[in-house]
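Fold and contact review
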Amino acid sequence: MVFMESSFPARPSPRPATRTSAPGATASVRPSSTRTGSGKIDVPYWKSAPNILPDVISLGQYRWDPVPHAGEALNWISGMRTMTTAGDVNTQVGMASHIYLVTKSMVDEYFFSADSELLIVPQEGRLRFATELGIIDLEPKEIAIIPRGLVYRVELIDGPARGFVCENYGQKFELPGRGPIGANCMANRRDFKTPVAHFEDRETPSTLTVKWCGQFHETSIGHSPLDVVAWHGNYAPCKYDLSNYCPIGAILFDHPDPSIFTVLTAPSGVPGTANIDFVLFRERWMVAEKHLPPALVSQEHHVGADGQHLRPVRRQAAGLRSRRHVAPQHDAAARAGQQCFRGRVQRRSQGGKSSTTPCLSCSKPGSRSS
């Protein structure tokens with residue numbers, strides 16, 4: 001039995017005042033130092049920042065149809081398709097946005113990224129992440145975080161599978177501070193689930209692929225590296241059911257800042273500015289008195305993933321993706337907003353009289369709220 005302590009910092013507590021866990025330690029069957037020797041391999045469609053193609057730079061807004069399944073055999077590594085990048089993987093700043101297409105399981109194949117942690121958002125199909133610290137089964141309307149440096153294998157449960165990956169080069173994802181919102185609503189720490197220990201003691205020829213500084217290296221090993229029999233700490237993978245997210249909004253007038261829809265945030269070195277915000281526009285009522293909310297207009301860099309659970313009022317194909325550049329104003333959701341403006345919501349005022357108000361909502365057509 002080999003005992004090792006993680007050299008990675010602990011996953012920050014969502015609220016710093018409650019930080020209690022240590023970085024983490026593992027007990028494994030074999031030492032990880034036996035994984036020696038590697039050769040560089042080509043993974044052509046998984047790009048890292050900075051990835052600048054001078055011939056296609058444009059300040060326009062982009063929107064892609066869902067990437068179709070081509071019928072070829074693709075695993076977690078070969079099926080990754082980069083859509084956009086920002087920052088620099090070598091200085092550990094920024095991110096990359098990918099779409100994954102998976103049609104087959106990894107068999108005696110393992111992977112870890114020394115560059116980043118991965119936020120995974122399935123759009124169709126179910127995947128199993130067999131990691132050093134346990135097993136996570138993931139399906140649409142759930143998300144998962146795989147920490148930097150964690151070895152895992154991805155198996156296809158139901159497929160083909162397609163979804164979105166946010167590769168975070170910088171500080172780790174954490175829950176946003178609630179401020180005056182207080183103790184309830186948005187995403188709650190208790191709903192994030194980590195796996196129980198599960199290990200494999202198998203002597204079999206295997207390959208381990210490592211992503212490091214934007215390059216991919218492969219080494220051969222004679223056993224399964226998923227041999228951690230026990231672990232503790234909070235540097236671990238986790239998953240979250242998006243149906244547990246409780247949205248909040250205006251109940252009188254004006255439109256709150258979109259930060260109220262933040263599920264997870266990755267801080268930057270600038271106070272008040274995030275490296276990445278992962279937000280969820282789930283079904284909800286948003287009404288206000290004597291107010292017509294304008295279409296969503298901002299000046300932020302934005303990468304949108306319209307899955308089965310995101311912005312269904314727009315009636316666009318599940319799996320669509322969009323990109324909007326930093327600084328130029330954009331209102332790609334204006335058409336959806338106009339559809340909402342034409343809708344009317346029946347509500348009951350505090351005095352008991354019924355009245356009708358304009359509605360800007362991402363609710364599913366025909367949905368009801370009690």
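Structure's up top.
For clarity, every value in this text was computed on a predicted model and none was experimentally measured.

1. Points about the packing of aromatic side chains
- Enumeration according to the criterion identifies eight aromatic pairs in this entry.
- A network of ring pairs unites the aromatic residues Trp46, Trp76, Tyr100, Phe111, Phe129, Tyr152 and Phe216 as a single cluster.

2. Some thoughts on a nonpolar patch on the surface
- Together, Ile251, Leu252 and Phe253 line one region of the surface with nonpolar side chains, adding up to about 370 Å² of accessible area.
- Turning to its location among the elements, Leu252 is positioned in the loop between β15 (238–241) and β16 (262–267).
- Given the relative accessible area of 44%, Leu252 is considered partly exposed.

3. Observations concerning the nonpolar core
- Grouped together as the largest cluster of nonpolar side chains are 30 residues, with contacts concentrated most on Leu119, Ile143, Val263 and Leu264.
- Those elements that place two or more of their residues in this core are β6 (93–102), β8 (117–131), β10 (142–146), β11 (152–168), β15, β16 and β17 (274–279).
- Residue contacts for Val263: discarding those within four places in its chain leaves Ile143, Leu175, Pro176, Ala187, Tyr240, Tyr245, Phe278, Val279 and Leu280.
- Formed by 26 residues, the second largest nonpolar core is a distinct cluster that contains Val43, Ile120, Leu133 and Ile146.

4. Considerations on the pairing of β11
- Within β11, 12 of the 17 residues are buried, leaving the element largely enclosed by the surrounding structure.
- Pairing geometry for β6 and β11, over eight bridges, is antiparallel. Across the sheet, Ala96 pairs through a bridge with Glu167, a residue of β11.
- Pairing geometry for β8 and β11, over 13 bridges, is antiparallel. Within β11, the residue paired with Ala130 across the bridge is Arg153.

5. Let's talk about the pairing of β8
- Counting buried positions along β8 yields 12 of 15 residues, so the element is predominantly enclosed.
- The pairing of β8 with β10 spans three bridges and is classified as antiparallel. Bridging across to β10, Leu119 finds its partner in Ile145.
- In this structure, β8 lies alongside strand β9 (residues 134–138), joined through five bridges in antiparallel fashion. Across the sheet, Thr131 pairs through a bridge with Gly134, a residue of β9.
- Hairpin connection of β8 to β9: two residues between the antiparallel strands.

Quick notes on the rules
Residues numbered from 1 in each chain as written. Predicted model: local features only at pLDDT ≥ 70, side-chain atom pairs only at ≥ 80, totals over all residues. Heavy atoms only, no water. Phe/Tyr/Trp six-rings, centres within 6.5 Å; stacked < 30°, edge-to-face > 60°. Patch = residues over 30% accessible without salt bridge, like charges linked within 9 Å, V, L, I, M, F, W, Y side chains within 5 Å. Areas by Shrake-Rupley, 256 points an atom, 1.4 Å probe, with all protein chains shown as cover. Salt bridge = Lys/Arg side-chain N within 4 Å of Asp/Glu carboxyl O. Helix = DSSP H or I, 4+ residues; strand = E, 2+ residues; numbered from the N terminus. Buried < 20%, exposed > 50% of the residue type's maximum accessible area, 1.4 Å probe, protein only. Core = buried A, V, L, I, M, F, W, Y, C linked by side-chain atoms within 4.5 Å. Contact = heavy atoms within 4.5 Å. Pairing = 2+ DSSP bridges.

Without other data, these values stay purely geometric and don't point to any function.
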